[in-house]
Amino acid sequence: MKPSTDCGKIVVVKKDAINEEKPPEVPLCGTKQGLGWRSVAPVALLALAVRMGWAWWTAEVPTGRHLVGDAAGYWAWAERIADGAWGGDKAFYQAPLYPYALAVVMTLGAKSVAAVRGVQAVWGAVAVACLMCGTWRLFGRKAAVVAGIMLGLYMPAVFFDGIVQKASLAGVLTAAVFALTATTGTRGRAVTTAALGIVAGALVLTRENALVWLPILGLWVGAGKGKTGGTVGQRVGRLAMYVVGATVILAPVAVRNKLVGGEWSISTFQAGPNFYIGNHTGADGRYQPLVRGHETPQFERADATRLAEAAVGTPLSSKQVSEYWMARAQEDIRAHPAGWLRLLGRKMLMVWNRYEVGDAESLYVYANQSRIFSGLVSIWHFGGLVPLAAVGIVATWSQRRRLWVYYALIGSMACAVASFYVMARYRFPLVPLLVPFAAAGLVDVFRLIARRAWRPIAGRSLVLLLTGVVVNLPVHPEARLNALAYMNAGVAEAQAGDLAAATPYFRRAVAGHPASAEARYNLAQVLALQGKYAEAIEHYLVALRAGPTLTGVAYNLGVAYEQVGRLDDALAQYRRAVANDPADRDAQAALARLQNR
């Protein structure tokens, strides 16, 4: 049966010719080369099934049942919005779109974490469908199906779709940006470019480092390509529609920040503190709180403001706080340029490393709930994706004139992440851009094998090997980071009141990272709360040696000493606590009580 003439024409690559420079036009519907729902739906449903299975298998992970860190902050924020605080009362410090999306989901009735995980599983399936559509337009149907399967089974993506975290929303928006960019390159219609601007703006409000993509996408839209580029007037018109689309999303946020905070910003005011965290003297490329023990959103903004105002001696606005920390970081960079360059190089290696640096929640803690998922994590990860994507870039290099925008998006995002500090969720927007190249590379390799083209196969193999070695280097202290992830799971159980369940997680954290002040302190806390003061004192002392200024250690060690009758030792620790934090009223009261005994 011939396809309907209403289907329209689009440009795709022949399924057996990935390297062709100018692919022919074929009908969108009803042809063997077309990507219909019969191809997309099974792969999207597979992705949905994997995510729903993940949600079921990992339902008992403590940080999934009892939210901590950013997840708790986003949930509380969304609840306030859903309760009527849609306008808010402060300029945005964190990217706002995800909590607002959560608030909409809550308003529609999905008020449990399990329900939200279900919604995000659907987002993940939609991301797979978008990725397949974009890959088809660039590399053909075979590559599109392979790309869909790759993303559907990619465990970091599944993990992010299964936690309360904005990376899930960033994933589907990035996949949509990819699909729309591929469509813009083949059709270039005004409505498509406007949609690209809208989605790119939404991505900026989800993942701030996507700001670097706005001018790149604008250049792509305005430049056009080949015959589809059109006249100068047509290109300017498409660019104008792209700008209008982005403005429709970003302008209201800028106006809202001005109205409630008194200053203009199209997104947030946390660039300065984050840049300082990632670039100050002593930074290691990963997140470090401004105040040890204050690693949660409830402290981050307050600490940044309090410390900046104390240093300057006057009250500061949100913009001024950000500028203060940016200036502090720049001073450190100027003082130690060689050290900063080494740090920057290390961070770039971390961006391209296989290990997924967690925040409060870790992929590896979740994956250990299932042998199947744990196996997938060990087989299909970033360390396998990047080498395959490198092969795909080599295989499609003859098409570089129409693919340059993806090279620019990938490179700029990697630089944006390395400019601050590295976390898995920060680099996640790279994944939907790398997967299509990985799929194209895999299809190309099988095509070469079928043709017995051994020389290009050898070249592809060398690229795969060299890239694989680099991205799988042990650049992270993985045992320590995994231990801290178990510590966070224990914190979730402890905050929920289940001290017995929390204790094994803290013991596992201490076993994995014996020198961690935070792990020792948390284990000591739950032991003390269970009346095991003698054992708690041992861990408090290690925590005190490892982190002498860690908030709360000295005071709680004093309490433990007091409980076992060592009053002189308790008095010394209360004095230390007051010296560390003169505003600690509990320590002041305890010190006064023992001094007057």
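Provided above is the structure to which this section pertains.
Every chain begins its residue count from 1, and numbering advances along the sequence as written. Predicted model: local features are reported for residues with pLDDT of at least 70 only, side-chain atom pairs are reported and counted for 80 or more only, and whole-chain, interface and lining totals are derived from all residues. Side-chain metrics rest on all non-hydrogen atoms present in the structure, leaving aside hydrogens and water.

**Regarding the overall build of the protein chain**
Right, so step 1: Each helix is a run of DSSP H or I of at least 4 residues and each strand a run of E of at least 2, with the numbering of both proceeding from the N terminus. The helix and strand tally for the protein chain stands at 29 helices and two strands.
Right, so step 2: For 597 residues, the compact-globule estimate of 2.2 N^0.38 gives 25 Å, and the protein chain sits close to it at 26 Å.
Right, so step 3: Dimensions of the protein chain along its principal axes, counting C-alpha atoms only, are 95 × 55 × 50 Å.
Right, so step 4: Among the 597 residues that make up the protein chain, the fraction classed as buried is 54%.
Right, so step 5: In the protein chain, 71% of the contacts between residues at least 6 apart in sequence involve partners at least 24 apart.
Right, so step 6: When the accessible surface of the protein chain is summed, it comes to about 25,700 Å², and 62% of that surface belongs to carbon and sulfur atoms.
Right, so step 7: Within the protein chain, one finds 60 positive and 37 negative side-chain charges whose respective centroids are separated by 13 Å. For the radius of gyration, the atom set is restricted to C-alpha positions; the globular benchmark scales as 2.2 Å times the number of residues to the power 0.38. Burial classes follow relative accessibility: with a 1.4 Å probe on protein chains only, a residue under 20% of its type's maximum area counts as buried, one over 50% as exposed, and anything between as partly exposed. A contact between two residues is defined here by any heavy atoms of the two lying within 4.5 Å. The accessible surface values rely on the Shrake-Rupley method and a 1.4 Å probe; as for residues, cover is taken only from the protein chains in view. Charge counting follows a simple rule: Lys and Arg are positive, Asp and Glu are negative, and His as well as the terminal groups are ignored. Working definition for charges: the position is that of NZ of Lys, CZ of Arg, CG of Asp or CD of Glu.

**Brief notes about the side chain of threonine 58**
Right, so step 1: Along the polypeptide, threonine 58 turns up in the loop between helix H1 (37-57) and helix H2 (62-65).
Right, so step 2: Residue classification places threonine 58 among the buried residues on the basis of a relative accessible area of 0%.
Right, so step 3: Within the structure, the side chain of threonine 58 is placed 2.6 Å from the side chain of arginine 117, a separation counted as a polar contact. Here a polar contact is recorded for every N or O atom pair within 3.5 Å, except that within protein the pair must consist of a potential hydrogen donor and a potential acceptor, and residues adjacent in sequence are included only if both atoms are side-chain atoms.

**Examining the nonpolar core**
Right, so step 1: Joining through side-chain atoms within 4.5 Å is the link that ties buried Ala, Val, Leu, Ile, Met, Phe, Trp, Tyr and Cys residues into a set, and such a set is a nonpolar core. Of all hydrophobic cores here, the largest spans 165 residues; its most connected members are Trp54, Val164, Leu385 and Tyr406.
Right, so step 2: Discounting residues that sit within four places of it in the chain, valine 164 has contacts with Leu67, Ala71, Tyr74, Trp75, Tyr98, Leu102 and Val113.
Right, so step 3: Core analysis: the next-biggest nonpolar cluster, separate from the first, contains eleven residues, Tyr93, Phe275, Tyr324 and Trp325 among them.

**Looking at helix H6 (residues 141-153)**
Owing to its 3.6 residues per turn, the α-helix aligns residues three or four sequence positions apart on the same side.
Right, so step 1: For H6, which comprises 13 residues, the first-to-last C-alpha distance of 19 Å matches the rise-based estimate of 18 Å (1.5 Å per residue) to within 8%.
Right, so step 2: Lining the buried residues of H6 we find H1, helix H5 (113-139), helix H7 (155-161), helix H18 (382-395) and helix H21 (431-451). Each helix should span, by expectation, one fewer than its residue count multiplied by 1.5 Å.

**What about the environment of valine 204?**
Right, so step 1: Inspection of the secondary structure assignment puts valine 204 in helix H9 (residues 190-204).
Right, so step 2: Accessibility expressed as a relative area gives 0% for valine 204, which makes it buried.
Right, so step 3: Apart from the residues lying within four places of it in its own chain, the contact partners of valine 204 are Ala210, Leu211, Leu214 and Leu250.

**Concerning the pattern of salt bridges**
Right, so step 1: Salt bridges are defined by distance alone: a side-chain nitrogen of Lys or Arg within 4 Å of a carboxyl oxygen of Asp or Glu. Counted according to the given criterion, the structure contains 16 salt bridges.
Right, so step 2: A salt bridge links arginine 425 to aspartate 70, with the nearest nitrogen and oxygen atoms 2.7 Å apart. Pair noted here: arginine 425 is in helix H20 (residues 424-427) and aspartate 70 is in helix H3 (residues 69-82), with a separation of 355 residues, a long-range link. Residue arginine 425 shares its accessibility class with aspartate 70, and that shared class is buried.
Right, so step 3: Notably, a salt bridge pairs arginine 286 with aspartate 284, separated by 3.5 Å at the nearest N-O pair.
Right, so step 4: Its relative accessible area of 23% is what places aspartate 284 among the partly exposed residues.
Right, so step 5: When salt bridges that share partners are traced, they join Glu60, Arg65 and Glu493 into one network.

**A closer look at unusual backbone geometry**
Right, so step 1: Of note, the phi angle at arginine 452 is positive, near 55°, even though the residue is not glycine.
Right, so step 2: Following the sequence through the fold, arginine 452 ends up in the loop between H21 and helix H22 (454-471).
Right, so step 3: Owing to a relative accessible area of 63%, arginine 452 belongs among the exposed residues under this scheme.

**As for the packing of helix H12 (residues 271-279) against helix H14 (residues 318-335)**
When two helices pack together, their arrangement is given by the angle between the helix axes and the distance between those axes.
Right, so step 1: Axes here mean lines fitted to C-alpha atoms, for a helix over just the part in contact, with angles spanning 0 to 180 degrees between N-to-C directions. The interhelical angle for the contact between H12 and H14, taken along N-to-C directions, is 25°, at an axis separation of 6 Å. What the angle tells us is that H12 and H14 run roughly parallel. Where H12 crosses over H14, the two elements pack in a sense that is left-handed. Residues Ala271, Gly272, Pro273, Phe275, Tyr276 and Asn279 of H12 pack against Ser322, Trp325, Met326, Arg328, Ala329, Asp332 and Ile333 of H14. Orientation categories follow fixed angle ranges, with anything under 35 degrees roughly parallel, anything over 145 roughly antiparallel, 65 to 115 roughly perpendicular, and all other angles oblique. Helix crossings are classified by the rotation of the near helix relative to the far one: an anticlockwise turn of less than a right angle makes the crossing left-handed, while a clockwise turn makes it right-handed.

**With respect to the packing of H9 against helix H11 (residues 232-261)**
Right, so step 1: Contact geometry for H9 and H11: axes closest at 7 Å, N-to-C directions at 35°. Crossing of H9 over H11 shows right-handed handedness. For the pair formed by H9 and H11, the contact residues are Ala190, Thr193, Ala194, Leu196, Gly197, Ile198, Gly201, Ala202 and Val204 on the first element and Arg238, Met241, Tyr242, Gly245, Ala246, Ile249 and Leu250 on the second.
Right, so step 2: Here the residues of the contact of H9 with H11 sort into eleven nonpolar, four polar and one charged. Polar here means any residue outside two lists: the nonpolar Ala, Val, Leu, Ile, Met, Phe, Trp, Tyr, Cys and Pro, and the charged Asp, Glu, Lys and Arg; Gly therefore counts as polar.

**Quick look at the environment of glycine 124**
Right, so step 1: As for its position among the elements, glycine 124 is in helix H5.
Right, so step 2: The spatial distance from the C-alpha of glycine 124 to the C-alpha of proline 42 is 14 Å, given a sequence separation of 82 residues.
Right, so step 3: With near-sequence residues (within four places) excluded, glycine 124 lies in contact with Arg51 and Asp161.

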